[in-house]
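So you can see what is in the structure, the chains are spelled out below.
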Amino acid sequence: MNDSIKLAKEMTDPQKHKECDEALKAFGIPSLSALINGMTPNANVFDGRPSTLTGPIGGNGATESMAAYFKENKTAVGAAVFPNSVTGRGSVTFLGDYFFNPASMDWVAFQRAIIMMHESVHQVGGKGDALFGSSKQLSEKIIEKCYPVLKGRLGGVG
């Protein structure tokens, strides 16, 4: 998790990678770097797989633990941001199995960094997937400007 945030910070460094930093400028996000800088492991980014935090996150708002949620959605949800109403401490990103065990091990460090960028848009930027068309389209917009070799390899992750 720490390495992923570090790589995401390097990839969005406005001095070295302006195109990546400004990948979502047309959507009202002037800097991905600024969003990534708002994410801190074990403060507002956690491994959701063992988490015992419970809330109305299950089907039809059923109360369940983060661990159960990520187990049930193992192949569909790689990470998710939950609001203060669930966490009691503001918007928090929880990482699921796909983040730690992606379908493809090719470019895994970059996949994880892209996931962090994607989730920072939700958590720190406060923007939902609908603004970009879908979760997958948000990821594709980031990939296009930040690491085009992943195009078509990383689906919606948020």
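Relevant structure appears above.
We now turn to the structure provided with this report. Per chain, residue numbering runs from 1 following the sequence as it is written. Reporting in this predicted model follows two pLDDT cut-offs: at least 70 for local features of residues, and 80 or more for side-chain atom pairs to be given and counted; totals over whole chains, interfaces and linings ignore these cut-offs and use all residues. Side-chain numbers come from the whole structure's heavy atoms, not from hydrogens or water.

1. Regarding the sheet that holds strand 5 (residues 92-95)
Right, so step 1: Whether two strands pair depends on DSSP finding at least two bridges between them. Segments assigned H or I by DSSP are reported as helices when at least four residues long, segments assigned E as strands when at least two residues long, and all are numbered from the N terminus. One open sheet holds the three strands; their spatial order is 1-5-4, and the pairing between them is mixed. On the outer flanks of this sheet lie strand 1 (45-47) and strand 4 (79-82), each paired with one strand and no other. Along the sheet, successive strands turn relative to each other by an average axial angle of 25°, direction set aside.
Right, so step 2: Note: strand 1 against strand 5, three bridges, orientation parallel. Residue Phe 46 lies in a different strand from strand 5, and its bridge partner there is Phe 94.
Right, so step 3: The criterion used for residue contact is that any of the two residues' heavy atoms lie within 4.5 Å. Each axis is a line fitted through C-alpha atoms, and for a helix only the stretch in contact is used; angles between axes span 0 to 180 degrees, taken between their N-to-C directions. Packed onto the sheet, helix 7 (residues 108-123) meets strand 1, strand 4 and strand 5 and runs at close to 15° relative to strand 4.

2. Quick word on the side chain of Ser 65
Right, so step 1: Tracing the backbone through its elements, the reader meets Ser 65 in strand 3 (residues 64-65).
Right, so step 2: The class for Ser 65 is buried, based on a relative accessible area of 19%.
Right, so step 3: Polar contacts here mean pairs of N or O atoms no more than 3.5 Å apart (in protein, one a potential hydrogen donor and the other a potential acceptor; neighbouring residues in sequence count only if both atoms are side-chain atoms). In terms of polar contacts, Ser 65 uses its side chain to reach the backbone amide nitrogen of Ala 68, at 3.0 Å.
Right, so step 4: Sequence-distant contacts of Ser 65, defined by excluding residues within four places in its chain, comprise Ser 51, Thr 52, Leu 53, Thr 54 and Ile 57. The cut-offs for exposure are 20% and 50% of the maximum accessible area for each residue type, with area from a 1.4 Å probe on protein chains only; residues under the lower value are buried, those over the upper are exposed, and the others partly exposed.

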